[in-house]
Structure formats: structure tokens, C-alpha cells
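Here's the letter readout for the chains.
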Amino acid sequence: PASAPGRSLIDLINTQPGWLLEANGILHARGSEYQVQYVVDGIPLRDNRSPAFAQSLGVEEFESMTVRTGGYPAEFGGKLGGVIELSTAHDSRPGFHGLASLEVGSFASVNGYGSGQYSTGRTTAGFALERMVTDRYLDPPNEGNFTNHGEATGVSVRLEHAWTDSNRTRAYGYRRSSGFQVPNEALQQEAGQLQERSADESLGQAAHQQILSSNVLLNARMMARAGDATLTANDRSIPILPFQDRKARELHANGSISVHRGRHEMKAGGEVTFGALDERFASIITARELDGVEVFDDDVPERFVFDDNGSSREHALFAQNLARLGPITLAAGVRYDYYRLRTEDHALSPRLSGSWFADPLGLVVHASYDRTFETPPIENILLASANVVDAAPHRAGVRGGDPAVGGEGESLAIEPSRGHFFEAGFSKQLSDRVRLDGAAFSRRATSMVDDDLVLNTGVSFPLTFSRAVVTGVEAKLEIAAWGRVSGWVSYSNSTGRGELPFAGGLFIGDEADELLEGEGSFRLSQDQRHTARARGRVALSPRTWVALSGVYNSGLPIEVEGVFDADLLVQQYGAAVVEQADLEGGRVRASWSLDASAGATLFSSGGRTLRMQADVFNLTDRLNVINFAGLLSGTAVAPRRAITVRLHAGF
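All of these numbers come straight from a predicted model, not from anything done at the bench.

1. Focus: helix α5 (residues 566-573)
At step 1: Of the residues making up α5, those classed as buried are L568, L569, Q572 and Y573. On an axial view of α5, the arc spanned by its buried residues comes to 110°, and they lie on one face.
At step 2: Phi turns positive, to about 95°, at G574, one or two residues after α5.

Here's what the structure looks like:
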């Protein structure tokens, strides 16, 4: 199906059980928010790839995708909530080939994509261009969808050359930039607030593959990238006037050698990453009360300014082996990680998984254990880990203060997370065309990562809570081309609890005391008990098809009601939105949506194709609320009924 601009890859990943899509296209894997990484042609991207942080990668640009939520080989580290492996598109046909698509839809959305590739002899060169505009870039806090315009542009190039039959070099690079507005709450719209954000990223990477013998393969890769993010606001912003300018630079290199010997596939290697961060953040209190309700105490100073920079270093070594012993497959590995930024730490992480194939039953049973060492997010981590005086308007995980602003104190810097991940499951072939997969999992971690949204600025700061436990079950039934019918049904049930105190974040006023010094447990912001999705497709003819899909969410927790009373909530978000929040039960009410799609191949001849597709989302025009007035999540409303039409041409 089609997707909102900038979310095609995210929406595709979200079809898998165990994944949850929160406000503004933020993916969560089994309770993990910031701990999701993309691996593009063997290079890890471990920062937040949601539209609010960086322009998301487009699905058209990639040839294949593998999604992992457990049983991680030792070669993967850093972020292990979920791992998404992507291979950029490659067309081996000689000559020039390409594709183009144009999508238009509700909210004045236009999304265009085009790519081309030329192959001759041992060399292949390609490019891709993407441009989108929309009046609904983020998920707004109310039905008004105020100030929500967004634009994004992306360009990428790739070059591959086979020096001989046994070695080849590949280079890939892109430049992506986006600019968008922060959606206003109702009172902010009345005041004339306008806040705008931008996110720019440039990346270049190269990889070389050498076949040393029929059983030995060598891979070496390197990457450099730079990212910038800004937030500006006009003087009508309430209750604060924020400013942000954040820069990140990264150099990464990794290498591995793979050996196939008999029943064993062995692999060993390492990686190193150097980073440089520069953060500037400032805020001015412009309203201590909203609609008669106090937001800031009188003793909270009017201005807050932060300006700092830092450098990081990470390196790792790993070794792993995959052994096939008849119906049994065993994988074992170990990984060593070192991390340094505001804190310094290292860990040894064993990994073990196994499966058994019962051929007469068409059944595979599997289990895994992953010892994890997950590094903190880089987004706004310097401020989130800083010491700030108690009198400051915001408290960033502190005891006392930084000498630069007066006072001394104990730092509550964000530490790496350590966890034990367990999983057991099965895959049962019910027929040649039908398969049932199921899994149960348990994740236990210390210094579990989440983030703290600063009012309605759209800017969030990473935090950790002392420990967390996430457990759940998942299932998926797939039908692959059974006559004219294909489709799938998935279900997830998950519970998650965390324990105080917090470290990091950027909390306002007196709430910092309870969160940074308190005790007790709470439901994780991704604690959604029931998530169900389904999609069915029927081929009406060789050239036409129709599809129907649906999603059900039992509702996310409302973590903290905050300083707002009921009347102010209605003023900010609207009565209809507030009614979708069960304040006494502490959860957003259940939501569901039905979507329909239809497509046709208009032309197909000699490698040239022209296809057309139409999608209608939320057929019943239901009001669905994703998050509500949460300390860690804010408020976000899902789209009402929307329509898109897409033309796709290939040659």
C-alpha cells in the first residue's frame, strides 16, 4: 500500500509482528524505541530514522530487506531493539534502465521518485531522486492539523565495479534534507506560534569484497556522514520560545572474513566508529500560565542556555559460527564492545541460538539468547547527560550543577544499556501456500532507553530508567498466492514495566525531583497489550487487483497527566480528542482503521511497464488518537480518511 510522504519503509517494517508505530513515524521493536538500527549494504546507521529526526529512507531505493528482533549474530551491536538490513537496488541488465513514480493525495501531498541505472561490462552506475511536499508531515496534537507543512528532497548515487570475477568495489552516497513545521496545539495557534525544524544529512560509503578462495570471503567497508538539525520559533511561541542547533559527524569502518568449512560457516571481524557532536539549545519562558493553569513556578528562571560539544569512540570485535548438523542448526558467537562519550564502558556479549527441523511435520522449532550491550542515542545526549543547576528552568538528569553555570554536583549521565533477551518460537507449514509463525520473548535490561518530549516543541531528549522488563507473544499467518488470493494476519501481545529513577531527559520544574530521585515502577510508553494487523489481496485478472487491510490497537498508556486540568486539555486538544483518552484507566482508548487499495497494469511490453494504484485510508473516517498528554510522548492524532493515487513506470 501507499504511505504518507517519508514513511514508506517505516510502514513496511510495521507490518511485522512485534513492531509498534508510535506518533510521528517512530518505530518500536519489542518495547525498544531508540534502539533500532538500519544496516545499509553492511554499514550500520544507529541514529533515530523517524521523520522528526531525519528524512526517512525510501522503499523504492532498496532491493531486499531482512528484519530481526531476536537471535542476533555477534556481528550486530550498538542498537539491538531491532535490526533492519537493507541492500540497495541493483539491476544487472546491460544498458540504461530505470523507474519513476508520482503519488498525489490528501493533505496536498505530492511525492515523486525517479531512478536510473546504466550497466556496461563490469561497471554499473546509478542515481535516484526524490521530492515530497505535504501539509501533514507529523502527527498533530488535535484535529485542526495546524502548521504542519513539510518538504523533503533526497538524491543518491551508486557505483559498482567488478575488477575480476573474484573481487568488486561498491560506492554509495546520498544527500537528504527536510524542513517542516511543528504542529500547534489550539492555544498556540491562537497566539500565532510558528516553530520550524530542519534535518539535513550527507553520507558516503564504500565497500570492497574479495573472494580469497572458494571457501573464504573478505569484506571491508567504510563510511563518513554529517547531520544537522535545527529548531527556530517566532516570538509568539507559548509557553516557551525554544531554539536548537545540533550537529553530528561520524566516521565508521568495519571488516570481516568468512570461512565455509564442511558443516560450519565461521565469521570474524571488527568495527570502529568515531563521532563528533555539537549541541546548542536555548529556551525563554513566554507564559507561566495557560488558560489560568500554572505551567512554571515563579522561582523558575526565565532563560535557559546550553552550548557544548564532545567526541565519541566505539569499537568492537566479534566471532561467530553457524553449524548445520542434519535437522539441527546451531549458532554461537561472542562480541566485545567498547564505548566512550560522557561515560566509558565495555562489555563481553555471548549469543546463542538453535533450531530443529521436523521434516515430516513441516515444523521448525527455534530458541535464542542474546546478551546485549546497547549504546545510548546521540540525539541531544550532551544536554541530557549534563549537570545543570537546580535553579535552572529545566533539569537535565542532575544533582547539583555544572561549574560553567555555577555550582557542583553529581552527574547522572546516560549509561549504556545491558540486557538479556530470550526468545522461543516455531514455524509451521500448514500447506504449500500457508505458513504459521509464532514466538514468545522476554527482555530484561538495565538503563533502558526512552525519550522525553519537551512540551510541544517536537524536540526530545534521551533518558534511561534503572531497569525494565518486556514480555510478549507474537503470531503471523501468511498465505502466499493461493490461487488469486494472498495475504497475512498478525497479532502481538506485549507488556512492559520500567523502574525509577530516570537519568537524562530534560524535565520541567518540580517533576524532575520525583522522576530523577523517586522509586517505584510504571508502564512503558510502548506497553500496548493487543496489536492486530491484516491484509488480503485478490487478483481480479492478470492485470488488476484489489486489497483490504485493517489494524487494531488496544491503546498506549497515558504515562503522566502533567500540570494540565481537564478544561485546559479540552482547550489544547479538543473535546473529541480528550474523549479518546481514558484518564481514569490510564490508557488511550482502542483504535482501529480499515484501508482499501486497487491497482492495474495499464501497459506492459518489452520491459516497459505502467501501473496505477489508488488507496483509501481509514475508510470509516474514524478519529484515532495515538498518544495523549504523556510526559514521554505528548499528544498525537492519527489521520482521518485520506486518498492517494500513484502512477509507476519502469523501463
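Having seen the model, we can carry on.
2. Comments concerning the confidence of the model for the chain
At step 1: Here the chain shows a mean pLDDT of 88. Residues at 70 or above account for 92%.
At step 2: A low-confidence stretch, residues 388-411 stays under pLDDT 50, and its non-local contacts, those more than four residues away or across chains, total 72 contacts.

3. Things to note about the pattern of salt bridges
At step 1: Throughout the structure, instances matching the rule amount to 34 salt bridges.
At step 2: Here D47 ties to R49 by a salt bridge, and the two come within 3.2 Å at their closest N and O atoms. Taken as a pair, D47 and R49 share a single burial class, namely buried.
At step 3: Close ionic contact of R335 with D337 constitutes a salt bridge, the shortest N to O distance being 3.0 Å.
At step 4: Through salt bridges with shared partners, a single network forms among D47, R49, E201, R225 and E250.

4. Overview of the nonpolar core
At step 1: Counting 32 residues, the largest nonpolar core has L290, I381, L383 and F461 as its most contacted members.
At step 2: Those elements that provide at least two residues to this core are β14 (240-261), β15 (264-285), β18 (303-325) and α3 (381-384).
At step 3: In this structure, I13, L45, L86 and Y172 belong to the second largest nonpolar core, which totals 19 residues.

5. Notes on the sheet that holds strand β4 (residues 43-45)
At step 1: An order of β4-β3-β6-β5 is seen for the four strands of this open sheet, with the pairing classed as mixed. What marks the edges here is a single partner per strand, and that holds for β4 and β5 (62-68). Mean inter-strand twist for the sheet, computed between neighbouring axes without regard to direction, equals 20°.
At step 2: For strand β3 (residues 36-40) and β4, the ladder comprises three bridges, and the chain directions are antiparallel. From the neighbouring strand, V39 faces β4, where its bridge partner is P44.

6. Describing a negative patch on the surface
At step 1: A surface patch of like charges, here negative, comprises E289, E294, D298 and D299.
At step 2: Its location among the elements puts E289 in strand β16 (residues 289-290).

7. Overview of the pairing of strand β23 (residues 417-429)
At step 1: The sheet contact formed by strand β21 (residues 363-374) and β23 spans twelve bridges and is antiparallel. Bridging from a neighbouring strand, S368 pairs with E423 of β23.
At step 2: The turn linking β23 back onto strand β24 (residues 434-453) is made up of four residues.

8. A few points about the packing of aromatic side chains
To describe a pair of aromatic rings, one takes the distance between the centres and the angle between the planes.
At step 1: Applying the stated criterion across every chain yields a total of nine aromatic pairs.
At step 2: Plain terms: the ring middles of F96 and F651 are 5.7 Å apart, the flat faces sit at 45° to each other, and that makes the pair tilted. One end of the pair, F96, is in strand β7 (residues 95-105); the other, F651, is in the segment after β37 (642-650), and 555 residues separate them in sequence.
At step 3: Every member of this aromatic cluster is reached through a ring pair, and the members are F465, F502 and F522.
At step 4: The ring of Y174 carries the charged tip of R176 above its face, separated from the ring centre by 4.3 Å.
At step 5: In this structure, R443 packs its charged tip against the face of F421, placed 4.3 Å from the ring centre.

Analysis parameters
- Residues numbered from 1 in each chain as written.
- Predicted model: local features only at pLDDT ≥ 70, side-chain atom pairs only at ≥ 80, totals over all residues.
- Heavy atoms only, no water.
- Buried < 20%, exposed > 50% of the residue type's maximum accessible area, 1.4 Å probe, protein only.
- Helix = DSSP H or I, 4+ residues; strand = E, 2+ residues; numbered from the N terminus.
- Arc of directions from axis to C-beta.
- pLDDT = per-residue confidence, 0-100.
- Contact = heavy atoms within 4.5 Å.
- Salt bridge = Lys/Arg side-chain N within 4 Å of Asp/Glu carboxyl O.
- Core = buried A, V, L, I, M, F, W, Y, C linked by side-chain atoms within 4.5 Å.
- Pairing = 2+ DSSP bridges.
- Axes fitted to C-alpha atoms, helices over the stretch in contact; angles between N-to-C directions.
- Patch = residues over 30% accessible without salt bridge, like charges linked within 9 Å, V, L, I, M, F, W, Y side chains within 5 Å.
- Areas by Shrake-Rupley, 256 points an atom, 1.4 Å probe, with all protein chains shown as cover.
- Lys, Arg positive; Asp, Glu negative; His and termini not counted.
- Charge placed at Lys NZ, Arg CZ, Asp CG, Glu CD.
- Phe/Tyr/Trp six-rings, centres within 6.5 Å; stacked < 30°, edge-to-face > 60°.
- Lys NZ or Arg CZ within 6 Å of the ring centre and 35° of its normal.

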